Amino acid sequence: MQNEIVDVLVIGAGPSGSVAAAYLHKQGLKIKVVEKNSFPRFVIGESLIPRCMDHFEAVGLLPCLEAEKFEIKRGARFVNGKGEMCNFDFSEKYTDGWDWTWQVPRADFDKAMTDELQQWGVDIDFQKEVIAVDFTEDGASTTTIKDVDGNESTIQAKYIIDSSGWGRVLPRLLDLDAPSSIPKHATIFTHVKDIKRPEGREGTMITFDVVDTETWLWVIPFSNGDCSIGYVGPIDYLASFEGTPTEKLREMMKLSNYYFERFDGVDYKFEPRQIKNFSASVKQLYGKGYALTGNSAEFLDPVFSSGVTFATESAHLAAQLISKELKGESVNWETQYKDYIMYGVNVFSTYVKEWYTGNLQKIFFHPTINLGIKEQICAVLAGYVWDKSNPFVKNHDRLVKTVARVTEMEQEGTA
Ligand code: FAD
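Residues numbered from 1 in each chain as written. Predicted model: local features only at pLDDT ≥ 70, side-chain atom pairs only at ≥ 80, totals over all residues. Heavy atoms only, no water.

An unreviewed UniProt entry lists the chain under the name NAD(P)/FAD-dependent oxidoreductase, with Aggregatimonas sangjinii given as the organism.

Structural data, given as structure tokens:
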């Protein structure tokens, strides 16, 4: 059986794996990326938030992404069936940082990064699946991979970054899965030819259309003329719609006052896909000889589009720490990796949970939302969830509830 020896093995070539590989390659380490699929491949996760631009810039992947001319995303809009609307503009946020990002068909986005990495000379093996990993006591590993014809080979590595997304390779092999604290939801989504797209900004704005407290529609227009549409809601509610996935989604589109006309009768580019129970967590984010990044570690919920940004934040940090360690510096993985990543995850998970309690919707749709508060929340929605000078980061666990209560009292005329 063929055997290769590398410094770091990266499992998966999504945004997390690509950012990790880019950083490690630039550090002069011998790396290998193993990816189960051939690219381009479909994956959901199309609306980015500005914080991830810091990571693409830091590892040198920004120019290849800029060249793709993806739709620019400058904020996020929330609408509801009562005709209320709330616009967040990332240029009006509390924390300094990027004030724009992209809305991307992930097949093209992910391929742009792997093409670039291959041009740099990064060794990426597509259509190879990791099927087993053995660790020695000092953290060195031997990983078994299988190609599409069933041929197996091995890779010896000093470190593994598991960026396998929904594949969750190490959580499965090492029994690291843990229940998520986020309420369970389901989703149904597709891409459409956006032939009735209105002219100007209205046509290209990413929007969350709230049909009731726990059910919402995403609309993510792409620069290629297509648009991603999808519902998220309680599992039983989505299951109550009958028929084929296309029939279900067409029926659900009637729930949206704002978007029904635009997407009525347009062709779906593929039979809508359905997923449920997608929130995921792990018992530990690292161990001797490995780090988990991106969805392989934690996934909260599609609302607020944090997935890719956590994937790149964790990948960039894990790659930096591994590089330090392999160069002989000491690293405290508990404080420098786990505590840091979990701080951001916990801040964001408050916002996800408070979305589904309806508290954030009360704040967003309040006609006279305080501008200072809006800027602080906007920084969170842009992914700047490690800025402890922002009260909506530092006091996330109580401030959202308090402001929602005050908003409620104002509406009742008791404040
Ligand atoms: P991925 O992008 O999933 O990449 C992992 C790669 O690993 C894949 O290419 C896979 O083929 C490969 N792999 C898997 N198993 C193996 C194996 N055994 N061997 C080798 N390779 C393997 N996030 C956002 O930021 N914005 C959004 O708008 C958004 N919307 C979402 C909507 C829904 C309904 C859901 C469920 C999620 C959404 N997300 C969103 C989350 C987003 O999909 C993920 O957070 C993001 O793709 C994670 O990136 P990643 O690099 O960790 O994993």
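### Quick look at the site of the ligand
Quick reminder of the rule: Only a single heavy atom is needed: when it lies within 4 Å of a molecule or strand, its residue is near that molecule or strand. In protein, a polar contact means a hydrogen-donor-capable atom and an acceptor-capable atom, both N or O and within 3.5 Å, with residues adjacent in sequence counting only if both atoms are side-chain atoms; elsewhere, any N or O pair within 3.5 Å suffices. Surface exposure here means Shrake-Rupley accessible area, sampled with a 1.4 Å probe, where a residue is shielded only by the protein chains that are shown. Throughout, the protein atoms alone are placed on a 1 Å grid, and a set of points is a cavity if a 1.4 Å probe fits but cannot get out or a pocket if it is open with protein on both sides within 12 Å along at least five of seven lines; lining residues have an atom within 4 Å of a point. To qualify as sitting in a cavity or pocket, a molecule needs more than half of its atoms within 2 Å of the grid points.
Taken together, the neighbourhood of the ligand is formed by 38 residues, with Glu 35, Ile 44, Ser 47, Asn 295 and Val 308 sitting nearest. In this structure, Ser 16 approaches the ligand through a main-chain N or O atom, which is 3.0 Å from an oxygen atom. Considering the ligand on its own, with 1000 Å² of exposed area, one finds that the protein chains cover 96% of that surface. Placement of the ligand is best described as lying within the largest pocket.

### Some thoughts on the layout of surface pockets
Basically, it comes down to this: Grid points are joined across faces, edges and corners, and a volume is the space filled by probe spheres set on the points. Secondary structure elements follow DSSP: runs of H or I no shorter than four residues count as helices, runs of E no shorter than two count as strands, and numbering proceeds from the N terminus. Each residue receives one of three labels: charged for Asp, Glu, Lys and Arg, nonpolar for Ala, Val, Leu, Ile, Met, Phe, Trp, Tyr, Cys and Pro, and polar for the others, Gly being one of them. Domain boundaries shown here were taken from an automatic or database domain assignment.
In this structure, the largest pocket occupies an estimated 940 Å³ of space. What lines the largest pocket is a set of 48 residues, and nearest its centre among them are Val 43, Ile 44, Arg 106, Trp 166 and Asn 295. Among the secondary structure elements, those contributing two or more residues to the lining of the largest pocket are helix H1 (15–26), strand E8 (128–135), helix H5 (169–173), strand E12 (186–193), strand E14 (215–221) and helix H10 (307–326). Residues of the lining of the largest pocket, tallied by class, amount to 22 nonpolar, 17 polar and nine charged. Counting the residues that make up the lining of the largest pocket, at least three belong to each of domain 1 (3–73 + 100–180 + 279–343) and domain 2 (186–275). In this structure, the second largest pocket encloses a volume near 280 Å³. As for the second largest pocket, its lining consists of 15 residues, and the residues nearest its centre are Asn 80, Lys 82, Glu 84, Gln 361 and Phe 365. For the lining of the second largest pocket, the secondary structure elements donating two or more residues are strand E13 (207–212) and helix H12 (359–364). In terms of residue count, the dominant contributor to the lining of the second largest pocket is E13 (three residues). Its residues assigned to classes, the lining of the second largest pocket comprises three nonpolar, eight polar and four charged.

### A closer look at empty space enclosed by the protein
As enumerated under the stated definition, the model contains four cavities of 30 Å³ or more in all. A volume near 70 Å³ is recorded for the largest cavity. Considering the residues around the largest cavity, the lining is formed by Leu 285, Leu 292, Thr 293, Gly 294, Ala 297, Glu 298, Phe 310, Ser 314, Tyr 337, Ile 341 and Val 345. For the lining of the largest cavity, the leading source of residues is helix H11 (residues 333–357), giving three residues. Within the lining of the largest cavity, the residues separate by chemical class into seven nonpolar, three polar and one charged.

### A word on the UniProt feature "domain: FAD-binding" (unreviewed entry) in the chain
Going by this rule: UniProt positions are given in the numbering used here, feature names are shortened, and annotations may be inferred rather than shown by experiment.
Per the UniProt annotation, the sites labelled "domain: FAD-binding" (unreviewed entry) are residues 6–330. Note that residues 6–330 is 27% helix and 30% strand, and that its end C-alpha atoms are spaced 21 Å apart.

### Thoughts on the sheet that holds E14
Selection rule: Between any two strands, pairing holds if DSSP finds at least two bridges. Helix axes are fitted only over the stretch in contact, all axes being lines through C-alpha atoms; the angle between N-to-C directions runs from 0 to 180 degrees. Throughout, a contact is declared for two residues whenever any of their heavy atoms are within 4.5 Å.
Reading across the sheet, the seven strands line up as E5-E4-E13-E14-E15-E12-E16 and stay open at both edges, with mixed pairing between neighbours. Each edge of the sheet is formed by a strand with only one pairing partner; in this case those strands are strand E5 (85–89) and strand E16 (273–276). Strand-to-strand twist in this sheet, taken as the mean axis angle between neighbours without regard to direction, amounts to 15°. In terms of strand pairing, E12 meets strand E15 (residues 226–233) through eight bridges, oriented antiparallel. Looking across to E15, one finds that Ala 186 is bridged to Gly 233. Along the sheet face, helix H13 (residues 371–381) touches strand E4 (75–80) and E5 and points at about 70° away from the line of E5.

### Topic: the nonpolar core
Applicable threshold: The criterion is simple. A nonpolar core is a set of buried Ala, Val, Leu, Ile, Met, Phe, Trp, Tyr and Cys residues joined through side-chain atoms within 4.5 Å. The classification of residues rests on relative accessible area computed with a 1.4 Å probe and restricted to protein chains. Under 20% of the type maximum is buried, over 50% is exposed, and intermediate values are partly exposed.
Leu 24, Phe 78, Trp 102, Phe 304, Trp 355 and Phe 364 are the most contacted members of the largest nonpolar core, which has 115 residues in total. Ranked by residues supplied to this core, first place goes to H11 with eleven residues. Both of domain 1 (3–73 + 100–180 + 279–343) and domain 2 (186–275) provide at least three residues apiece to this core. Sequence-distant contacts of Phe 364, that is, excluding residues within four places in its chain, are made with Phe 78, Cys 86, Phe 88, Phe 304, Trp 355, Ile 369, Ile 377 and Leu 381.

### Examining the side chain of Thr 309
Relative to the assigned elements, Thr 309 resides in helix H10. Accessibility expressed as a relative area gives 3% for Thr 309, which makes it buried. Excluding residues that lie within four positions of it along the chain, Thr 309 makes contacts with Ile 49, Arg 51, Cys 52 and His 55.

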